[in-house]
Structure formats: structure tokens, C-alpha cells
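Here is how the chains run, residue by residue.
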Amino acid sequence: MSQINRIAGGQIERSKTLNFTFDGKSYTGHPGDTLASALLANGVRLMGRSFKYHRPRGPLSAGSEEPNALVELRSGARQEPNTRATVAELFDGLEAKSQNRWPSLAFDMMSINDRLSGFLAAGFYYKTFMWPAAFWEKVYEPIIRRAAGLGSMSTLEDPDSYDKGFLHCDLLIIGAGPSGLMAALTAGRAGARVVLADEDFRFGGRLNAETHEISDMSGADWASEAVAELSTLPNVRLMMRTTVVGAFDHGIYSAVERVSDHLAVPLPGKPRQTLWRIYSKHAILAAGATERPVAFENNDRPGIMMAGSLRAYANRWGVSVGDRVAVFSNNDDGLRTAVDLQAKGVDVVAVVDSREGGALLPGIRHLRGAQVIDSEGRLGLKAITVRLANGKTETIQTTALGVSGGWNPNLNISSHHRSKPHWREDIAAFVPGEGGPVNLSAVGAANGAMSTHAALTSGQSRALDILSALGVTAKTTALPKAEDAPISIRPLWYVNHGKGRAWIDQQNDVTVKDVKLAHQENFTSVEHLKRYTTLGMATDQGKTSNVIGLAVMAELTGRSIPETGTTVYRPPYTPVAMGTLAGRSRGKEFKPFRHTPSHKWAEEQGAVFVEVGMWLRTQWLPRAGETHWRQSVDREVLATRKSVGICDVTTLGKIDIQGTDAGAFLDKVYANTFSTLAIGKCRYGLMLREDGIVFDDGTTARMGEHEYVMTTTTANAVSVFRHLEFVRQCLYPDMDVQLISTTEAWAQYSVAGPNARKLLEKIVDQDISDVAFPYMGAGNTTVCGGLRARLFRISFSGELAFEIAVPTRYGDALIRRLVEAGQEFDAVVYGTETLGVMRIEKGHVAGNELNGQSTALNMGLGKMVSKKKDSIGMPLSQREGLNDLDGYRLVGVKPVDKDQPLNAGSHFLEIGAAPVAENDGGWLTSMVYSPHIGSHIALGYLKAGDQKIGKHMRAVNFLNKTDVEIEIVSPHFFDPEGERLRG
Amino acid sequence: MIINHPILGPRDAQEFVYLGDESLIARPDGLAPDAIGAFHDYLYLRNNPAGEHRELWYHEQGDRSWLVVTRNTVTHVITKVEMARDVARRMGRSK
Amino acid sequence: MRYSGFRVIAEALSGHKGWKPVWRDPVPQAEYDYIIVGGGGHGLATAYYLAKEFGQARIAVLEKGYLGGGNVGRNTTIIRSNYLLDGNEPFYEFSLKLWEGLEQDFNYNAMVSQRGIMNLIHTDAQRDAFTRRGNGMILHGADAELLTRDQVKAMYPFLNFDNARFPIKGALTQKRGGTVRHDAVAWGYARGADTRGVDLIQNCEVTGFKIENGKVFGVETTRGYIRAKKVGVAVAGSSSKVMAHAGLRLPIESHVLQAFVSEGLKPLINGVMTFGAGHFYVSQSDKGGLVFGGDIDGYNSYAQRGNLPVIEDVAEGGMALMPMIGRARLLRTWGGIMDMSMDGSPIIDKTHIDGLYFNGGWCYGGFKATPASGWCFAHLLAKDEPHKTATAYRFDRFLKGRMIDEKGMGATPNLH
């Protein structure tokens, strides 16, 4: 069997043959074919199964509105479910499989549902499967889930890449049919920056599917000439295979360019698809119209399709869907199918025209006042039954039927901002209404201008209006000559005959009966209709079905169609691959990495890194022979406390604050006072949110009379800076204070331990004795013989400690110098784990305690909030609920049995108390193993914890079923008097 | 969305961080007798109109300006963009 | 009319002639004992429980548009009770228990499906926080389990375990969590309320309240004035607009949350999953669509639609977590208006106006709360005191400093 239905003509490249397979069987086609046109050329009409009843289906359309011919395209990791065969461009080696059937497309066991359809009416599932209650998850639902779904996904990672791009233009034109091309020519010739996008792989829109002439040449040739001219204009960007899928605010549109879908695999370095974000000053919707069917009994058989599609397959692809063809139409446009196919030598057996009276087509059996009432042929159309004007019925043998119920303007994009479409009686269709996206207007068939002449006229005149709004002068040129025939529709939505099913939404199997049942049960609002019957919820978003469903409901309720409701479409216009929307942000590139200045050095040392926000920080630095992370961390802790340790603390936020009001400014943003801080000193600062909850903490140093340096936590570096700018610009706009974030400008290392000073004396150029540089000292200095640096004598570890900062570009050199200088002291470099052990040993709060839910009082820092001055958060921190005497207080926790592990997240319970919420005492916030204590230790928030020091309780973790007796202790486990850090 | 920054011209809204109603500029006196009541109303209650809304946006990926943007919450149309500092001064804020 | 499998069969055999309207379209009476403003999930549930559990009569639900057209008709269908704080957890656990018996209670198959919810863990701090949460849940009588990385991998081997920017280290799971067919919830409650004599009045917008001397006497509507002894407002998304008619300013902003569904696919994901290192959560509907969402757009909006950056952000989260969904297609996006409250938690409380009650501030978490919200609001309306699981949902918690701030974000509604 080789392309038995291929007829003459069309825009396919017959000199080249492409091989492809469908369900394992080999076929041939030509460049220019879609998968659907090629299969039809090979005599294959059956391409899919419907969702619910598993009815055999062929293509209903020749475009992106296709509900039926959905296939799994490609295989392996590139398997792509639900691809519409009607838009899949044929390439050599294409593989496709039918989907949602078992064991085969022609013999599908699940079509038992079709036999049982009487029991499966709209919404039946809401009324049953309720007994016994446990059976829903165990029995009914698993069966339903397995049966449902359409195509199947590969579980392998998508091997293709995706890109994103940005475009800016004066005018975006959506659709390159006659109206879009005319608008592009008009605007492009005038010099405006134009983007012309069309979803098809050939410009011209319906001109490619029709035999119309423009300026005495074929429409397709006119389109080619227009495109040729446009491609010479540098201000016009032609985007083929590009679907504008969404309209967003302020002239922004999203578009998907299918860069490589017409190839077996993308070319090297090319993405599969690109997501374009198009910023336009104006936009023209020239997306044409979509034909809609008429519902009649068994109107869903393979071989029955839209009349315009039947003619498109003939005119554009040189395919006759059947050897004998009939047409069923309620308008003049449908008749063109018969005329065109007859002209191509196809046997047109009848034109069933529901309109009574009027002229008859010459040389064709044109049955006026007649309706198709039924069809035959299980896997493909064999015959139709026609009720003639005289009431008699006649069966006509035919293998293809083109149906036209009129055309719906493709107004989808215009309704993405939820504007309601407007009903036009003369064309029996909705057109774009008021209140759509600003500066978007529709032209041509998308606006209800159905003839070629009207399309050209509206495209030109709208472009001229926009040019004038843009202040661009344009020459008006004569419009090319084109047909201007009216569509002459007399609405017919469904054929009222018989007891069988007449499909409205073919993919979801919604029939006229379902709409009637919805009406009977009072689901009469359009939203109820949609939700109850699933009308329009399929992958085509009801492009061919919504209006018919609405019309049937209107008839049942006795209201007009616009009274019944309108259909508002949601983005995207056609479904978009997730990969396209994600672009390059996947895998390791999901978010950027931020590396500290010591990163390269640490990598050389074999450091283990941990994600801290976007930063990668050294977690610990294993040495040879260490097989468990605890060995490394215990060693780092002990070595630091014994001698000296070095830690990269660059990730902490750093903000320079300068100006004559800098001190007053800090008094506003910190709960404690900074204006009184001596020059050359640091102070621990506590920052509250306006609601009185602790926002952040850190040390801030006064480097000069009007010059402070603030540090923030790593996590809040960005949000603190934003907050400070808010306070500066919005609350105290006349304060003389300037801020700059210097987080990335300075590489900063902590040097901690009894030998910290000795080590740093080898690096820092000045005297750093306790007298010259006492605890909490701060100042500008130089290192390594003249490099500018900042030095702070601050300690998170509880040891004698300094933080030394140099310009970031010297960070790598400094870590190497520090390590070298530290060799004689057996200095270690430690990571975040050791940092965590030492801060918990000292009872310092960090991320797990600074959880955005805790007050200074909770942290044992209540006295830091000065009531004498007005600072952010002070007033609301005094609310009663934040000052409960039995509220949470920070405590230390030790296991009574030193060998018992603790878990952060365990809850406090009294010994013997029942495990219920009323007895919940709080929770362990942070836990580490302390090599000095010789056991796990933890911090926790315990209700009235300050009154429970010394008490024994339990730390219970139901998740790993541990229940540990603990002692509540002061959170200052190590050197509570702070003697070491003053040393 | 696009915000027409008074200094930098039209910028994508993605460069900005949103805060909320411009009334957040009108911070009460924290040392006044009924500060808690005044701060409750200031911090927690919102007009939340369906229509024109004057709101604070911060140009985090830009020049770090706080802006007051007049935007319709039904249509998202922006009719005015001002420097928040100017608005704050007009509202009587200083040091 | 009672629904059952036998009934479906009997009707099928007789051509479905016997199905009755699921609800009446009554003409508004001049007066009711209770008027519920808002015919979304919460309003319908309130009316249902008022009639059924609290034995109240003369109840009307006034709905501006169509029944179930609130956020009950546009959410991602998730139910769970995995809350952290004492103010929330008892309420959501009560709700989950109501879900578990709901279909038999109102004789409508809302497809309550407890296929589990899993919150992925990517850092040690997250594990600590989820351990705290899981233990809190168990203390409140809910279920929680901590899964290891390998246990997660056994369930979903196609997640990104090998090349992730933020590696998966485990998960907190609640097996009783799951999904529900959202529209059916509204219809089930509506049918149950209608059967019990509640007047469900569609296309009836409340345009004002009649308030004299600090007491409410009725509501002005587009279908005329209706007297009422008590008025309960449950119009989340539009709370500020409606309550402004009574002169109230609320601790609420309206924001848009977008949601997404893919084309129908054969089963991939059994339960609900949340990505802990980006803004993405996903489940798969019985029809086969992947239903997913992420963050709110972040600016005040009543537009019921969002913008592109969030769509991209959500897809990026999806691809980072499940690199195999690249070729699955996003079918539809939509937006709902959220009542974003100042601490991320709801309000079910009296107002300072006698007879006027308020239910709102549900943020993006109102769907799972529907049964308990209806029950507790009905309790408050009928008894003038809060239900024991909803005592924390007061207006004055902000004045008193008793916020219920699950995320610890403070008075910044768009960050909750």
C-alpha cells in the first residue's frame, strides 16, 4: 500500500520520499507533509482512540485544534505523548505510536466502555463508587487511574535542550494568513519594527489550503511573494513554526518556536524549542478562524472531518481522504470543499446542505434542506444516512465526509485577560470583545472578517492605524484583488434525530445527551456545564466544541447563546512543553552557584561542600584516613579550641553605612543602640521586623565618625539590605545616610583559637596585642606588607578570634597565606559543621533559632530591645502575646545518658506525660555532637525554659521512635564566662 | 509587567520586589502612648482596593530605588510611577 | 434522591429520565435566619453544616455568580494536615477527618483520595524543621513519617537524584494527605444543603449591609433587600471588597495564585509531592493531568490571571525536580484570587458589628480547609462561640501579638 490516496497538486516536495512508521508499520510521505496528511495519503484514517469510550478516531482537522489524532511521537527518552498528528511535520525516520489503547489501535479492549456508555453518562462517577468507603483508594480509583490518561511519558531525562529569548518590536503580528501578511507588508514597508509569527511551517494560513486567487495568482503564490518581500526588510522578523501562546500585561507575549521538531534530532548546539518573550508596543491578532462541526449521531468516525480540513488535505497536501467524498454544511464555505475536490477529480457523491432553498451547485448532487442523521463504519466511515428535505432517508456510501457548521474566530489570545467575547449573529460566532489586552486588536477571520478581501482590507487598515499611533508615516497602496464572498450561514448546531450519541467534544466524549443531562440536573451555567460534562477540558481546550455545547444549552434553556455564557480561553493557546518553559534552568543549572573566595583552594584540598542558599560553602575538610564526617568535624573542633582554626565567612552579608546620620539610622534599624558605639569598636546588633519578631543579627563596627560596617546572616543578606533601603528612602528620607552592599567586595576569614593572634601577627601589619586591639575592636589595617584590609576582633566560636577581610580578588591568596602561616600551630581550616558545633557550644542563635517566629525574649535577648528609643519592631514587640511569662525560652539540652543521641526537631515532654499536644513543651532547634562535652548537645525552645534549668525531661522524636531523658541546662555549654574570647 | 522607572525608563517588573500599600510609608511614632494600636492599624490593616492602588516596589536588580507605583489591581494598568522618597517627603516624613 | 451504584444502573436502563436537579433555583425570601454570603466551598459547607449539624432553618446562600465558582473551582485539589503550629494543626486535622467521611456523609462521590503527600528535604535545616513539624503533627493526632533519600527514590526513581543543584535528602510524608475532586465538593455540599431546605441563590451579588446601632439587619443585593438575623461572609478572594460595605478594613491583601495542568498522561505520580528547593508542587489527577503550582505572583491583584515569570519559575522547579517531564505539555494555566492574610493563617470570627460574622484569609490553603471551615463557621454562627479547633482564628490576634505565622515571614502577605 503506497500513498493510495495521494492526488495531484499540493505543496509537497514529491521528488523526495520520507520513510516513517506508525504502530511499527512502514509508510512513505514527502517533505511538506504532516504525519496526518501522510497517513491519510497512505489510506490510514484510524489514528487514535477517544478518552472515555475508546471510540476509534481519525483526524477531525488539519491543524492545532485537533482533538482526535493524538500520537506518541518518537521513542526512548524523546518519547512525546499526545502529539497532534495534524501538526507534526514529517521527517525521515519518524516513529509514531497510537496511544491509550490495548492491545492495539484496531482492537482495543477498553472500547468495552463504548458498549457500557449508557452507564457512563456525564458525571456518573459522582453518584457511585461510594460504598464501601475504603474501596475508593483500594479498588475503584486505581482502575480508573490506570484506564485514564492519554499518552505515556518516558521516565528518562529529556535529552534535548531548550532556550529562551527576548524580542522587542513596535508591532507583533500573530498569524501569517492574508490579513497578517497584509498588515506586515503595510507596517514593514513603513519601517516599523515588526515580528510576524505563525504556528505553521509554511506562511500563508488558509491561502495554502484554498484555491482562491489574489491579484491573479494563487493565494499560496501571493503569500510566497509577500514573504519574499518581507524577508528583504531588515526591520521585519519572520518567525515560522512559532506559536504565540499567551498574552500578558503591558504588551508582553510568550511564543514558542519549534526550532528542531521537524528534525529527527536537533542539530548540534541547537535547542529543541525556544521560548520567546516578546515585548510589543502594539499587537495584531490575525490568527484566522477554526471550523466547527455539526453534531449528529455517530459523527465521530474516522473519515468524518471538518469540510475545510478535507479541502486542505486535497489542496495543500494532495490527499483525498476517501475515494468517495460527501459534504455536510450549513454555510457556503462548506460547499467549496465539494467544488475543489470535484475539480481535482475526486468522486463527490453528495453535498448535504441543511439550508433550504437557494441555488444548487452545478454538476454535483446538492441536497438542499437535508441533514446527515447517522453514519456507519466501525473503524472508518463507510456510509452516511441522510434525511432529505422531503423527510425520506437515504443511505449514501462514502468514505469521507466533510462537515461545516461555520467558523469560530480564533479569538483565544484576546480573551487571555478574561475579556468576554462578543456574539455576532451574522456569522453565528463570537468575535473578540472589549477589554482584551491593551493595544491588541484582531483583524481578518480572527475578527469575523471571513472573506479574503475583508482579511486583506482589515490587515492593511489596522496596520495603518497603528503606524499613525506610532507616529510613522505610511503610504497607502492599492489592495490586491481578492474574493469577497459572504459565508451565508444558517446556524445548525446538532441534528435532532434518533436516540444515539452525537459528539460535541470528541476527545472527552461529550455528547448532546450529556449536555441534556447536565441541563436536567440544573448544571445550566456555562461553567457548570463545562465542569460537569468535561466539555472543552481536553487538550484542544474545546476549540471545535465549546460553542456547540453552549448553543445546545442555550436551546435547552430557551436563552440566547450570549445569555447562556461565553467561552474564555486560558493560556496557552496550544499546549507547551515543560522543558520549553524551563529553558536552561535545570539540573545543576537550576540556580546559579555562588562560590566563596576560598572555593578553589578548598576544592584542591578535597573539601566537602554544602548548599547554603545559592552559596556553596565548605562543610568539612576530610583528611587522609578519615572515613566518617564526624571524625573530620571532631578534629576540626578540637584543633580550633586547642590551637587555631580558619573559616571562610565571606558569605555573611556586609553593608557599608555612611553619612552624618549613620548612627541615628542604625538606632532605628537595630533594637539596641549604635550611635554611642566608640570608633574602632564592634557591637552585636539585634534587628527586629516591624512586628517585633527577630529579623536578623550580626556585628556592626564603627570604622569612623560617620562610617559603620554592618554584617548580616548569610540567609538574610539580601532582605536586610532591602529593608535598610526601605527605612532610608521611605521612612526617613532626609537622613544623611548612604548604603552599599559589600558582601562580594570583601573576602573574609575567621581566625579562631588560642593561637589566633600568633597566627595573624604573621599576616597583619599592625600590633594586634590585646591592648592595641582589644576584644570587640575593629579597624582598617593592612596585611602582608601593605594590602588594605579590615580587621574585627569578634568571635562566634567563643575563642579568641579575629575576622580579617581583604578585597575579594586577594581572597584566594589570603587563605593560602593563612594556611601556610598556621602550619607551625597545626592550624585547621574548618567548615560549616564545625562552625555549628562551636556556636551551639556557646549558645549562639543561628538559622534554626532565627526562624521568623521568635522574639528577642524567646532567645534570651529581651533586654537588648531598648524601650528608650523608637526602633523598628520595638512598639509591637511589647504586645502581650509576645511577652507571655510561660512562652518559649532558649535552653541548652544534654542527654542524661551521654551515649544517647539527640535529634533536632524532637519535642519536649515531661517525664511520664502523655504524648499529646497539651503536654508539648517545645522542640529542639539545633543539635550537634560536642567533643568537649562528650555527648550530643542541643539548643531548644522550651516553654518557660528559663524556669526549668536543671530539670529532667524527655526529648521525643516519634519519627524515628526515640525518647531520650534529658537535662535542661543553660545554652552556654562552653566557657560561659567568656574568658577565652577575651584572652 | 513593565514599570516605567522615573530615572531608568521602562524596566521589566521581574527586576523589582513588591512590598505593598504605600501606606507603609506612614509609620507612626513608636514612643507615642497608644503605639501598639497605631502600629497594629499601620502594619496589619489594608484597604486592598479592586481598582487603583498605590504600592511600593523596590528595584532590587537595578538602582535600589523604592518606587510608588499607581497600578490598577483589576487591569494591571500602571498610570504613574514616582520615587518613594519624594512621596515620603510629601507625606511629611523627614528624619 | 439518594445516589448509589444501583441508582446509576437503574437510570441507565431507563434512559436517565429520572435524575432530578441537583439543586433548586429558589426565589429569595424576604427574610432568613442566616444569610451566608458566598456560594463557594466554604459558604456551601457552612450552610450544609448549619442545617445538618446545628439544626438551623431558614438559611440562604447568596452567590454573585455560579455555585462553586470561588476558589473551590480553581485550586490544585490537595488535602493535608501537615501544619506546624498549635493554632493551625488541630483545625486542619479536624478537616482531614471530615474529608475522610465526607462522601458517605453527603452522599456524593467527591473522590477523596488519600494517596499521600510528600514534602522533599534538601538541607539539614529542612530536615530539622520537618522533624519538628512531624512530631507536632503526631502530638496533635495526625500522621507523619520521615523518609530517607532511598525510600523516596524507591517511590519516584525518576526524580533528579544524580545531577541536582539541591540534592534530595529525604522527605516528610503524610499518608493520609491526598487530593479531592474539587468541583464535586461544592456540588456535594450544595446538593446536601438544598436537600435540607437551604435556598441557594445564584447571580445574587451583595452590594451592601443594613447596619444600625452596631447591629446588622440584612443585606442589599442585586436581587433586592433581604432581611437576616445573622449574616456570615465567606467570600475569600473578595473579602476586602465585601467587608468594605460594612466599613471594615481587613488584615488581608488580594493576590493572584496561578495553577497549571498538563495534558493527560498515563500514571506517573501517585501522591502529592512538594519540591523543597524551589516553588513547585505536583500531583496527578485521576484523569491523568499533572496538576501543579508554585508561588503567588506577589502583587495585589483581582485580575484572576497572572504573568509569565511565575509560569517560568514553576516550570523550572518542575524540570529541576523531574527532568523527565520536559516533553510533557502544559495544557492550561489559570489564576485565582487569594485572601493573603498578614500571618498566612485564616480568620473565622465575629466582627464588631452584632450579627455580622467573617470567614476568610485562607491564603492559598483554603481548599483543604473546606469541611472544617464550614463546620467551625456554622458553629460560630449557631452558638456565638468558636469551635474548639478554631479558637486561634481571631481578628484581634494581630493586636494581641498572637500571630499564627507558619512560614515566619511576618506582616508581608505575599511571602506567606
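See the structure shown above.
What comes next concerns the included structure. None of the values given here were measured: they were computed from a predicted structure. (Residues numbered from 1 in each chain as written. Chains lettered and ligands numbered in written order. Predicted model: local features only at pLDDT ≥ 70, side-chain atom pairs only at ≥ 80, totals over all residues. Heavy atoms only, no water.)

Re the overall build of chain B
Part 1 of the reasoning: A tally of regular secondary structure across chain B gives two helices and six strands.
Part 2 of the reasoning: Scanning chain B from its N terminus toward the C terminus, one meets helices and strands in the order β-β-β-α-β-β-β-α.
Part 3 of the reasoning: When the backbone C-alpha atoms are referred to their principal axes, chain B occupies close to 45 × 30 × 20 Å.
Part 4 of the reasoning: Within chain B, contacts between residues at least 6 apart in sequence are counted, and of these 49% link residues at least 24 apart.
Part 5 of the reasoning: When the accessible surface of chain B is summed, it comes to about 4,000 Å², and 51% of that surface belongs to carbon and sulfur atoms. (Helix = DSSP H or I, 4+ residues; strand = E, 2+ residues; numbered from the N terminus. Contact = heavy atoms within 4.5 Å. Areas by Shrake-Rupley, 256 points an atom, 1.4 Å probe, with all protein chains shown as cover.)

A short note on the packing of aromatic side chains
Part 1 of the reasoning: Inspection of every chain in the model, using the stated rule, returns 52 aromatic pairs over all chains.
Part 2 of the reasoning: Summarising the aromatic geometry, the rings of Tyr126 of chain A and Trp187 of chain C are spaced 5.5 Å apart at their centres and angled 90 degrees between planes, so their arrangement reads as edge-to-face. Taken together, the residues span two chains, with Tyr126 of chain A in the loop between α2 (112–115) and α3 (135–147) and Trp187 of chain C in helix α6 (residues 182–195).
Part 3 of the reasoning: Each ring, one from Phe91 of chain C and one from Tyr393 of chain C, has its centre 5.1 Å from the other, and the planes form 80 degrees; the classification is edge-to-face. With Phe91 of chain C in helix α3 (residues 89–106) and Tyr393 of chain C in the loop between α9 (366–383) and α10 (397–400), the pair connects residues that are 302 residues apart, well separated along the chain.
Part 4 of the reasoning: On the basis of relative accessible area, Tyr393 of chain C is assigned to the buried category, the value being 0%.
Part 5 of the reasoning: Geometry around Tyr573 of chain A places Lys543 of chain A over its ring, the cationic atom sitting 4.7 Å from the centre. (Phe/Tyr/Trp six-rings, centres within 6.5 Å; stacked < 30°, edge-to-face > 60°. Buried < 20%, exposed > 50% of the residue type's maximum accessible area, 1.4 Å probe, protein only. Lys NZ or Arg CZ within 6 Å of the ring centre and 35° of its normal.)

Comments concerning the interface of chain B and chain A
Part 1 of the reasoning: Contacts between the two partners involve 37 residues from chain B and, on the opposite side, 35 residues from chain A.
Part 2 of the reasoning: In this assembly, chain B packs against chain A so that about 3,100 Å² is buried in total across both faces, 55% of it on carbon and sulfur atoms.
Part 3 of the reasoning: On the chain B side of the interface with chain A, the three residues burying the most area are Arg27, Arg85 and Lys95 of chain B, jointly 21% of the side's total.
Part 4 of the reasoning: Scanning the region where chain B abuts chain A turns up seven salt bridges.
Part 5 of the reasoning: With a closest N to O distance of 3.0 Å, Asp870 of chain A and Arg27 of chain B form a salt bridge.
Part 6 of the reasoning: Taken together, the connections running from chain B to chain A amount to 24 residue pairs in polar contact (both at pLDDT 80 or more).
Part 7 of the reasoning: At the level of secondary structure, the elements contributing two or more residues to the side of chain B that touches chain A comprise β3 (17–21), α1 (35–44), β4 (52–58) and α2 (84–90) of chain B.
Part 8 of the reasoning: Looking at the side of chain B that touches chain A, the element that brings in the most residues is α1 of chain B, giving seven residues.
Part 9 of the reasoning: Classifying every residue of the side of chain B that touches chain A by side-chain character gives 21 nonpolar, seven polar and nine charged. (Buried area = accessible area lost by both parts, 1.4 Å probe. Salt bridge = Lys/Arg side-chain N within 4 Å of Asp/Glu carboxyl O. Polar contact = N/O pair within 3.5 Å; in protein donor to acceptor, adjacent residues only side chain to side chain. Nonpolar A, V, L, I, M, F, W, Y, C, P; charged D, E, K, R; others polar.)

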